[in-house]
Amino acid sequence: MTWLITGGAGYIGAHVARAMAGAGERVVALDDLSTGVPTRLPEDIPLVRGSALDGDLLKRVLAEHSVTGVAHLAARKQVGESVTQPTRYYQENVSGLATLLEAVAEAGVRRFLFSSSAAVYGNPDVELITEDTPCAPVNPYGETKLAGEWLVRAAGRAHGIATVCLRYFNVAGTAAPELADTGVLNIVPMVFDRLTRGEVPRIFGDDHPTPDGTCVRDYIHVADLADAHVAAARRLTGGATGDLTVNIGRGEGVSVRELITLIGEVSGDRRPPLVEPRRPGDSPRAVASAELAARELGWTARRGVREMVESAWAGWRLHHGG
Ligand SMILES: NC(=O)c1ccc[n+]([C@@H]2O[C@H](COP(=O)([O-])OP(=O)(O)OC[C@H]3O[C@@H](n4cnc5c(N)ncnc54)[C@H](O)[C@@H]3O)[C@@H](O)[C@H]2O)c1
């Protein structure tokens, strides 16, 4: 098997590429380096610099590397930007995916993994989000991921491609400091950023209907997430047909206050957070049911939140000091 990893120089893509290679698969990465960092990839994983929206390039890469499976992670992923630039998000995340699937079908590739997101669910009022929880995204980013899933499943049916859509929950941590997320878009790096600037962390609302009043989320270590891709790839190489859509989370809720307390312990900066009013649209609770992934992929997360925070902090200090 040779797997093409689009977005392979990205935060998650580089972890996936390394995990797949570590599991004995041949891997080639494609990345336009818009947010990717080429040094995240070891020298024995070839990196093609170019866009996953470029159909001719895709056809060439699929043929030249005799690709037999594709894991598609390249995407725009900023919720706020998706609200102000919806056409760009649909263009890159949906039209780009259509171009890729056409090239995949034409090249006779029969296995496809798609990076989806818990954002497809919107803000459901349930204890645990199962894959049957209705999808009602609340921003264009989530819409493009849901439309992407529809497109993946439809193309799979039409062209005999076995597909897996992985709905990632809140990804954090790093397998090694140099692979860390360099963006400041998720809560862990956002808190680190404030601490590094000498500011205390912020909590938006401590009057939500949750045990400590702060929002509860399901955090997943990026190394566990990478292992989930290996498990999904195994399912596809093992002869699975049809499609599977599955949550990738730990099935355990952690509150913002608990997370900030842990960050204080790890960083040594235990100043109390500033509580600000709730932000409109924040869901009080978003926690995955992890049962289907355990059943269908034989995969369960192994790493806890402390490991996520400690590894992310080591990565933050490497890239930002502090
Ligand atoms: N980080 C999270 O918490 C999270 C949660 C759910 C889903 N996801 C999804 O996981 C995937 C990877 O996210 P990430 O956090 O690693 O982000 P990232 O920005 O680090 O990685 C995306 C990679 O894709 C590349 N890229 C973007 N557009 C491209 C294009 N047109 N052609 C080629 N390369 C392109 C970028 O250069 C980058 O290396 C995305 O699809 C994202 O939507 C991420």
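Reading the values: rules and limits
Residues numbered from 1 in each chain as written. Predicted model: local features only at pLDDT ≥ 70, side-chain atom pairs only at ≥ 80, totals over all residues. UniProt positions renumbered as here; feature names shortened; annotations may be inferred. Pairing = 2+ DSSP bridges. Helix = DSSP H or I, 4+ residues; strand = E, 2+ residues; numbered from the N terminus. Domains from an automatic or database assignment. Contact = placed C-beta atoms within 7 Å. Nonpolar A, V, L, I, M, F, W, Y, C, P; charged D, E, K, R; others polar.

The name recorded for the protein chain in an unreviewed UniProt entry is UDP-glucose 4-epimerase, from Streptomyces spongiae. Recorded in UniProt under Cofactor (unreviewed entry), the annotation for the protein chain is "NAD(+)". Among the UniProt annotations of the protein chain, the heading Sequence similarities (unreviewed entry) holds the following wording: "Belongs to the NAD(P)-dependent epimerase/dehydratase family."

Draft legend 1. Spotlight on the sheet that holds strand S14 (residues 285-286). Here we have 3 strands laid out as an open sheet, ordered S12-S9-S14, and mixed in their pairing. Both outer strands of the open sheet, strand S12 (254-255) and S14, are each paired with one neighbouring strand and no more.

Draft legend 2. Up close: the domain arrangement of the protein chain. Segmentation of the protein chain into domains returns domain 1 (2-171 + 220-248) and domain 2 (173-218 + 251-320). For domain 1 versus domain 2, the distance between C-alpha centres works out to 24 Å. Contacts between the two partners involve 30 residues from domain 1, matched on the other side by 31 residues from domain 2. Elements represented by at least two residues in the side of domain 1 that touches domain 2 include exactly helix H1 (11-22), strand S10 (219-221), helix H7 (222-237) and strand S11 (243-248). It is H7 that provides the largest number of residues to the side of domain 1 that touches domain 2, a total of 8 residues. When grouped by side-chain class, the residues that make up the side of domain 1 that touches domain 2 number 17 nonpolar, 8 polar and 5 charged.

Draft legend 3. Up close: the UniProt feature "domain: NAD-dependent epimerase/dehydratase" (unreviewed entry) in the protein chain. The UniProt record annotates "domain: NAD-dependent epimerase/dehydratase" (unreviewed entry) at residues 3-249. Secondary structure across residues 3-249 divides into 38% helix and 19% strand, with the first and last C-alpha atoms of the span separated by 24 Å.

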